[in-house]
Amino acid sequence: MPRVLSAFRPLWHCDALSWPVERGRLVRMWRRWGALAIIAVFLPPLVLLVSGSLHQPGLPPPTTPDLVPDPVTTEGYRLAAELGGLTRATLNSLAVCAVAVPASVLVASMAGFAMAMLPRRVAAAVVALSLVALMVPAVALLVPKFAVFRLAGLTDTLVPLVAPALIATSPLFPLVYYLAFRAVPGELYEACAMEDLTPLRTWWRVGMPLVRPVTAGVGALTFVLTWSNFLDPLVFLYDRDLFTLPLALRSLATLDAADFPVFLAGAVLATAPALVVFVVAHRDVRRWKGVRG
């Protein structure tokens with residue numbers, strides 16, 4: 001605690017000229033502490049998840065956490081792919097994400113750019129409506145969605161899983177893009193208008209390159225939401241060959257307690273792609289900041 005308090009002492013005596021430097025140092029310090037807190041919360045469960053997946057299936061589960069199983073085996077991963085049909089389910093999930101993520105980013109960015117071009121009062125009304133839509137629980141829309149897709153004959157297909165991307169997956173994403181595009185200096189948009197650039201070309205050639213970190217973040221969040229979606233596949237899919245990864249993991253959850261490494265191995269396989277996407281998005285943002293800097 002004394003070390004933490006000592007970090008604030010320069011702020012008590014800094015003048016107006018040194019305040020921006022001290023403020024930047026304080027922000028960096030809190031970022032480091034926040035990153036350490038997040039690691040402390042999420043890293044132990046991930047370590048136990050990977051460690052448990054390396055146990056020998058068929059043996060009684062350990063009574064205490066066993067970080068280094070004896071013996072170490074990957075048999076659980078083979079059984080997870082064989083019993084749960086994870087290979088087919090993974091391909092289905094990847095197919096859904098390959099369509100949903102680009103479509104969601106495209107729709108959200110265009111909607112956010114259009115909102116940024118509106119007059120302030122109109123944009124404020126659209127933002128308010130978006131916040132209201134964000135408050136509506138997804139479960140409340142489940143019955144109307146099912147009725148629409150059943151009437152259209154699209155149940156037991158992957159179309160209902162991709163359809164939310166046509167409205168940007170979540171009302172939050174257009175709002176994020178709206179704030180990003182509003183942060184761009186208005187003189188830049190005026191210069192584009194003077195050069196006779198259409199709004200579509202201004203969005204693509206000027207707006208999108210300037211909000212690349214937002215695109216990386218929205219793409220990563222869309223991937224995670226789509227990849228981990230369990231409710232929609234449970235309602236709309238009946239054919240086992242169309243099951244996505246969350247539904248395949250549900251079948252592994254019914255195994256005997258002695259086969260817990262099989263379920264944990266499936267959970268590792270389902271978690272790894274999301275972690276990879278976040279790492280890639282983070283590296284892309286850091287590379288973009290390095291180029292801009």
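Residues numbered from 1 in each chain as written. Predicted model: local features only at pLDDT ≥ 70, side-chain atom pairs only at ≥ 80, totals over all residues. Heavy atoms only, no water.

A. Quick look at unusual backbone geometry. Phi is positive for Asp156, close to 60°, though the residue is something other than glycine. Inspection of the secondary structure assignment puts Asp156 in the loop between helix H7 (142–151) and helix H8 (159–162). The phi torsion at Asp196 lies on the positive side, around 65°, for a residue other than glycine. Residue placement: Asp196 occurs in the loop between helix H10 (186–194) and helix H11 (199–210). (Helix = DSSP H or I, 4+ residues; strand = E, 2+ residues; numbered from the N terminus.)

B. The side chain of His55, seen in detail. Tracing the backbone shows His55 in the loop between helix H3 (19–53) and helix H4 (75–83). What makes His55 buried here is its relative accessible area of 11%. Among the polar contacts made by the side chain of His55, one reaches the main-chain carbonyl oxygen of Ser51 at a distance of 3.0 Å. Apart from the residues within four sequence positions on either side, His55 is in contact with Pro62, Asp66, Pro69, Thr73, Phe260 and Pro261. (Buried < 20%, exposed > 50% of the residue type's maximum accessible area, 1.4 Å probe, protein only. Polar contact = N/O pair within 3.5 Å; in protein donor to acceptor, adjacent residues only side chain to side chain. Contact = heavy atoms within 4.5 Å.)

C. Summary view of the packing of aromatic side chains. The final tally for this structure, using the stated rule, is 7 aromatic pairs. An aromatic cluster of three or more residues is present, and its members are Phe113, Tyr177, Phe181 and Tyr189. (Phe/Tyr/Trp six-rings, centres within 6.5 Å; stacked < 30°, edge-to-face > 60°.)

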